[in-house]
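Coordinate inspection notes
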Amino acid sequence: MSESHTEPIHVLISTGNPDKAHELRALLGDRFVVQTKNEAGFSDLIIDETGSTLEENARLKVVGLYRALLEEGKDPNALWILADDTGLFVDALDGRPGVYSARYAGPGATYADNVHKLQKEMEATPWQNRGAHFRTVIALCRNGETETVEGILEGRILEQERGTNGFGYDPLFYVAEEGRTLAEMSDVEKNHISHRSRAYRALLKKLEEEGALVKDDDNEE
Ligand code: IMP
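Residues numbered from 1 in each chain as written. Predicted model: local features only at pLDDT ≥ 70, side-chain atom pairs only at ≥ 80, totals over all residues. Heavy atoms only, no water.

**Considering the packing of aromatic side chains**
With the rule as written, the count across this model stands at four aromatic pairs. Ring geometry for Trp 127 and Tyr 174: centres 6.0 Å apart, planes at 65°, overall edge-to-face. You can see Trp 127 sitting in the loop between α3 (111–121) and β5 (131–142) and its partner Tyr 174 sitting in strand β7 (residues 173–175), a full 47 residues away along the chain. Seen from the ring of Tyr 104, Lys 117 lies directly overhead, with NZ or CZ sitting 4.7 Å from the centre. Residue placement shows Arg 142 over the ring face of Trp 80; its charged tip is 5.4 Å from the ring centre. (Phe/Tyr/Trp six-rings, centres within 6.5 Å; stacked < 30°, edge-to-face > 60°. Helix = DSSP H or I, 4+ residues; strand = E, 2+ residues; numbered from the N terminus. Lys NZ or Arg CZ within 6 Å of the ring centre and 35° of its normal.)

Shown next as structure tokens:
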């Protein structure tokens, strides 16, 4: 007997970032009922990302929410808890900002602060050395067990910002195969190729193969 779910699965995402929540809802599709931690009443829950890897931080985020549910007397195993952590790894900067991408320009840095710092640090870097990649790690907690998967997108860091869609470093991240930055793509186009979408597709495929999730025929590649 397969254990596949036919009812939508309730997923709690351990993020307070509305940009991410917006992308995730589109990525996860109809097989899930998605709630963010803020929507579930945990907007005061701050989970410090003290890990030295994306894996550690993604795990910290799901474990933090798991414990908070327990403390509230709720059953954390009644739903799935998801978190992802992303970093931009720039070759010419020995992989920085990497796991510190959100705080690259300092604590409380805005997206614009981080973009400007990156532009400044790479001022003298020629085009051929401007390679970079985004890497996303997702952690999923089901019944107290946490697993992780990753997704990667290769690109190059532009000198000047291009495009106004997306968020974070998107205006500087040029994807050669597309001939555009991520910020020049629509949400749908970005979701088709992005590091985060690759990680989510890898996770969904793994869950389908395990029989934990019914196949979504609308979402076939
Ligand atoms: P987080 O830890 O996953 O929230 O990501 C850390 C930082 O990486 C964010 O604050 C953004 O600056 C950047 N980031 C994450 N995902 C993306 C993306 O899809 N495009 C551009 N920047 C991103």
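**Focus on the nonpolar core**
Among the nonpolar cores identified, the biggest contains 20 residues, and Phe 32 and Leu 82 are the most heavily contacted of them. Among the elements of the structure, β1 (9–13), α1 (18–28), β2 (32–36), β3 (80–90), β5 and α5 (195–210) are those that each provide at least two residues to this core. Looking at this core element by element, the count peaks at five residues for α5. (Core = buried A, V, L, I, M, F, W, Y, C linked by side-chain atoms within 4.5 Å. Buried < 20%, exposed > 50% of the residue type's maximum accessible area, 1.4 Å probe, protein only.)

**Here we look at α3**
Taken together, the buried positions of α3 are occupied by Asn 114, Val 115, Leu 118 and Gln 119. Around the axis of α3, the buried residues are gathered within 135° of arc, so they sit on the same side. Along its buried surface, α3 packs onto β3 and β6 (145–157). (Arc of directions from axis to C-beta. Contact = heavy atoms within 4.5 Å.)

**Some points on the site of the ligand**
Contacts to the ligand come from 16 residues, most closely from Lys 20, Asp 85, Thr 86, Asp 170 and Arg 196. At 2.8 Å from an oxygen atom of the ligand is found a side-chain nitrogen or oxygen belonging to Asp 85. Here the ligand loses 93% of its free accessible area of 480 Å² to cover by the protein chains. Applying the majority rule of atoms within 2 Å of the grid points places the ligand in the largest pocket. If you list the elements that add at least two residues to the shell around the ligand, you get β3 and α5. At three residues, β3 tops the list of elements feeding residues into the shell around the ligand. By residue class, the composition of the shell around the ligand is five nonpolar, four polar and seven charged. (Near = heavy atom within 4 Å. Polar contact = N/O pair within 3.5 Å; in protein donor to acceptor, adjacent residues only side chain to side chain. Areas by Shrake-Rupley, 256 points an atom, 1.4 Å probe, with all protein chains shown as cover. 1 Å grid on protein atoms, 1.4 Å probe; cavity = no way out; pocket = protein on both sides within 12 Å on 5 of 7 lines; lining within 4 Å. Sits in = over half its atoms within 2 Å of the grid points. Nonpolar A, V, L, I, M, F, W, Y, C, P; charged D, E, K, R; others polar.)

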